[in-house]
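Below, each chain spelled out in residue letters.
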Amino acid sequence: MRVNSNTRARTRAAVGLTVAALAAGATAGAGPATARPKAAPAAPAAAECSTAYRIEQKLSTGTTWRMCWRYDGKAGLVLENISYQPKGEPKQIKVLNSARLGQIHVPYDDGNVEYDDLTGFDFAQGLMNLAPGECPGGTIKTVKVPDSWNEDPNVKGLCTTTRSRGHAYRMQGDTANKVFQAEGKDLLVYTVNQVGWYEYMTEWRFQDDGTITMNVGATGSLSWDDYDAGDGRGWPIGKGASAKATSHSHNAFWRLDFALDGSTKNKVEQYDSTVTAPTRGQRAPTTKTTRTKVTKELAGDSKAYRWWRMVSATGKNKDGHARSYEIVPGPTTRYPGRSYTKHDLYVTQYNKCELFASNNPGNCGAGAGKSVDKWVNGQALTHPVVWMNIGFHHIARDEDQQPMPVHWQGFSIAPRDVTAMNPLTPAELGRQNGHWRPGS
């Protein structure tokens, strides 16, 4: 079971935090790294930031990832100018201008409360210090929290390290005693932010095969203040049935500003497949896949046999195929209670004001609205931005205490034709591209 938590105790805490925010004049602010990149920058040879705010890691399997980081006063960790150089490629391949959380929306089942944790409950202010043991083999960077309410705004809160993810591939060779196999390696970047009774782990995994996986994990503690599910919707925690934890949802949004090969003029495509029962003479059902070019802003829904990809306007791999990244949604429970959570994916035209999927604090103009669904209004896509919504309905269980096991929710973007072959291909198999024959 996937686990998460929230608490009404935050309502009381918010009073003190709001007073402190007014006294400090707290606003969403850029961290001490370089400013937000321009809409369509040229692909850099290296990350465009000073050494202190640069992350660069060559993994043992040969892939090098590069990026910049900064810390935003509302969104928390923001990663920018993300690129990688697989083994055999002559230069870095840019993937994203920026990647960050776009909101964590938490409505309670009884209808009494809901929270927008990034823009309404001071997610970024809750950055936690990390102990060395939490970042094994890596580096903990010091983050200056903008407009911090703490006496010392500097938090040892950003871990960068590497981890093995198990088999990257395994293949029996031409002879029985030859097996090709390798362990995959990831660059892991993460922070922990405390909100009320629980803690969010915001994790980014940059794989050696070019895949980027982004997750939010919730841990910490169930709130005893929530053991009051008088409406009958809660789940009994502890002995008997007197203490019922209130059920709720966590709707996590991510905002991805793509810049494949250094250009923001990416193209969006949707693929749908239909399966038809076999006709006379056929041994099995047939499957037909069709492509739809998405030229205007989209509010999209995941379903069986559907997927999307972002296609480079300028770059091709060595086989002459357009580079692209496929969007791979994780398990989700779509929350129908708000207009902006009714869809799994939004693609909007870039607007520097559109930063948070709900309760957006910026003034984006008359009639623009405060949530991502309002921004899907028919604009042509010349600089598409992807918003991914992954939901989880948390019905607490006895095992959630104490402390609560981490619940993960998230998704991936996977390279599709970025390289001509698997970037982890061993040299002796490099000839087996396309029309392969044994011994060729």
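Residues numbered from 1 in each chain as written. Predicted model: local features only at pLDDT ≥ 70, side-chain atom pairs only at ≥ 80, totals over all residues. Heavy atoms only, no water.

Of the volumes computed, that of the second largest pocket is approximately 250 Å³. Around the second largest pocket, the lining is made up of 16 residues, and of these Asn266, Lys267, Val268, Glu269 and Val311 lie nearest the centre. For the lining of the second largest pocket, the elements supplying multiple residues, two or more each, are strand 14 (267-276), strand 15 (286-294) and strand 17 (306-316). In terms of residues, the lining of the second largest pocket owes the most to one element, strand 17, which gives 6 residues. Considering only residue class, the lining of the second largest pocket consists of 5 nonpolar, 6 polar and 5 charged. (1 Å grid on protein atoms, 1.4 Å probe; cavity = no way out; pocket = protein on both sides within 12 Å on 5 of 7 lines; lining within 4 Å. Points joined across faces, edges and corners; volume = space filled by probe spheres on them. Helix = DSSP H or I, 4+ residues; strand = E, 2+ residues; numbered from the N terminus. Nonpolar A, V, L, I, M, F, W, Y, C, P; charged D, E, K, R; others polar.)

Following the criterion strictly, the structure yields 3 disulfides and no others. The disulfide that involves Cys135 links it to Cys159, with 2.1 Å between the sulfurs. Judged by the sign of its S-S torsion, about 85 degrees, the bond between Cys135 and Cys159 is right-handed. Taken together, the residues span a long stretch of sequence, with Cys135 in the loop between helix 2 (117-120) and strand 6 (139-144) and Cys159 in strand 7 (residues 154-172) at a distance of 24 residues. (Disulfide = S-S within 2.5 Å.)

It is worth spelling out the packing of aromatic side chains at this point. Applying the stated criterion to the full structure yields 10 aromatic pairs. For the pair Tyr198 and Tyr200, a centre-to-centre distance of 4.7 Å together with 85 degrees between the ring planes defines the contact as edge-to-face. Each of the two residues, Tyr198 as well as Tyr200, counts as buried. Measuring from centroid to centroid gives 4.2 Å for Tyr271 and Trp307, while their planes differ by 5 degrees, and the two rings are stacked. Separated by 36 residues along the polypeptide, Tyr271 in strand 14 and Trp307 in strand 17 bring together distant segments of the chain. Among the residues examined, Tyr271 registers a relative accessible area of 12% and is labelled buried. (Phe/Tyr/Trp six-rings, centres within 6.5 Å; stacked < 30°, edge-to-face > 60°. Buried < 20%, exposed > 50% of the residue type's maximum accessible area, 1.4 Å probe, protein only.)

Our next topic: the sheet that holds strand 18 (residues 322-329). The strand order across the open sheet formed by 10 strands is 6-7-8-9-10-21-18-17-14-15, and the pairing between neighbours is antiparallel. Since the sheet does not close on itself, it has two edges, and those belong to strand 6 and strand 15, each with one partner. This sheet shows a mean twist of 25 degrees between the axes of neighbouring strands, independent of strand direction. (Pairing = 2+ DSSP bridges. Axes fitted to C-alpha atoms, helices over the stretch in contact; angles between N-to-C directions.)

Here we take up unusual backbone geometry. Here the residue pair Gln401 and Gln402 is connected by a cis peptide bond, since its omega of 0 degrees sits within 30 degrees of zero. Within the secondary structure, Gln402 is located in the loop between strand 20 (384-394) and strand 21 (404-416). With an omega of 10 degrees, the peptide bond between Gln402 and Pro403 qualifies as cis. Following the sequence through the fold, Pro403 ends up in the loop between strand 20 and strand 21. For Asp261, which is not a glycine, the phi torsion comes out positive at approximately 60 degrees. Tracing the sequence through the fold places Asp261 in the loop between strand 13 (248-258) and strand 14. Despite not being glycine, Tyr305 shows a phi value in the positive range, around 65 degrees. Relative to the helices and strands, Tyr305 resides in the loop between strand 16 (298-300) and strand 17. Tyr305 sits in the partly exposed class, given a relative accessible area of 49%.

Another aspect to go through is the pairing of strand 20. With 10 of 11 residues buried, strand 20 lies mostly within the body of the structure. Relative to strand 20, strand 13 runs antiparallel, the two sharing 10 bridges. Paired with Ser249 across the bridge in strand 20 is His393. Pairing geometry for strand 19 (residues 345-349) and strand 20, over 5 bridges, is antiparallel. Looking at strand 20, one finds that Leu345 is bridged to Met388.

A separate point is the environment of Lys318. Inspection of the secondary structure assignment puts Lys318 in the loop between strand 17 and strand 18. Along the sequence, Lys318 and Asp417 sit 99 residues apart, while their C-alpha atoms lie 9.3 Å from each other. Beyond its immediate chain neighbours, meaning those up to four positions away, Lys318 contacts Gly88, Glu89 and Ala420. A distance of 2.8 Å separates the side chain of Lys318 from the backbone oxygen of Gly88, its partner in a polar contact. (Contact = heavy atoms within 4.5 Å. Polar contact = N/O pair within 3.5 Å; in protein donor to acceptor, adjacent residues only side chain to side chain.)

Burial within strand 10 (residues 212-220) is extensive, with 9 of its 9 residues counted as buried. Taking every second residue as pointing to the same face, both faces of strand 10 are buried, with Ile212, Met214, Val216, Ala218 and Gly220 on one and Thr213, Asn215, Gly217 and Thr219 on the other. Bridge count for strand 9 (residues 198-207) against strand 10 is 9 bridges, and the pairing is antiparallel. Looking at the pairing, Tyr198 lines up with Gly220 of strand 10. Hairpin connection between strand 9 and strand 10: a loop of 4 residues separates the two successive antiparallel strands, and Gly210 in this loop has a positive phi of roughly 95 degrees. Of the pairings in the sheet, the one linking strand 10 to strand 21 comprises 8 bridges and is antiparallel in character. Residue pairing for strand 21: Thr213 is matched across the bridge by Ser412.

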